[in-house]
Amino acid sequence: MAAQMAQLLAGSELEELTEVVRRWALEAPTPRLKAQYEQFGARMIELKRALAHAPVAPTREELEVALAMMLKLAAGAGGR
């Protein structure tokens, strides 16, 4: 999943990412998942905006590692 998200961050425009996040929320099977998708999507959009202002873009592999950590943290926080 992190690899797919890294590709999405690195290879898409902000508008495309925003549309993907919107579709995630619309297609969520439960209200709880919808909220999680919206929250995680908002963080991805925030990251995309920050990356646009970075002097050097991270590699896809670096993005993948960062996203994998974000997913692990989100999974840990969801269990509370």
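Structure shown above.
Because the structure is a prediction, the values reported are computed rather than measured.

Of note, Ser12 is situated in the loop between helix 1 (2-11) and helix 2 (14-27). Polar contacts involving the side chain of Ser12 include one to the main-chain carbonyl oxygen of Leu8, which spans 2.3 Å. The residues contacting Ser12, other than those within four sequence positions of it, are Gln7, Leu17 and Lys48.

For the rest of this paragraph, the subject is the nonpolar core. Core analysis: the largest hydrophobic core is formed by 13 residues, its most contacted members being Met5, Leu8, Leu9, Leu17, Phe40, Met44 and Leu67. Residue assignment for this core shows that the elements contributing at least two residues are helix 1, helix 2, helix 3 (31-53) and helix 4 (60-78). At 5 residues, the largest contribution of residues to this core is made by helix 1. Setting aside residues no more than four positions away along its own chain, Leu17 makes contact with Leu8, Leu9, Ser12, Met44, Ile45 and Lys48.

Among the secondary structure elements, Leu47 is positioned in helix 3. Between the alpha carbons of Leu47 and Leu9 there is a distance of 8.4 Å; along the sequence they are 38 residues apart.

Attention shifts here to the layout of surface pockets. Estimated volume of the largest pocket: approximately 490 Å³. Residue lining of the largest pocket: 16 residues in total, with Gln36, Tyr37, Phe40, Leu71 and Ala74 positioned closest to the centre. Going through the elements one at a time, helix 1, helix 3 and helix 4 are the ones with two or more residues in the lining of the largest pocket. It is helix 3 that provides the largest number of residues to the lining of the largest pocket, a total of 7 residues. Residue classes in the lining of the largest pocket are distributed as 10 nonpolar, 4 polar and 2 charged.

Parameters at a glance
- Residues numbered from 1 in each chain as written.
- Predicted model: local features only at pLDDT ≥ 70, side-chain atom pairs only at ≥ 80, totals over all residues.
- Heavy atoms only, no water.
- Helix = DSSP H or I, 4+ residues; strand = E, 2+ residues; numbered from the N terminus.
- Polar contact = N/O pair within 3.5 Å; in protein donor to acceptor, adjacent residues only side chain to side chain.
- Contact = heavy atoms within 4.5 Å.
- Core = buried A, V, L, I, M, F, W, Y, C linked by side-chain atoms within 4.5 Å.
- Buried < 20%, exposed > 50% of the residue type's maximum accessible area, 1.4 Å probe, protein only.
- 1 Å grid on protein atoms, 1.4 Å probe; cavity = no way out; pocket = protein on both sides within 12 Å on 5 of 7 lines; lining within 4 Å.
- Points joined across faces, edges and corners; volume = space filled by probe spheres on them.
- Nonpolar A, V, L, I, M, F, W, Y, C, P; charged D, E, K, R; others polar.

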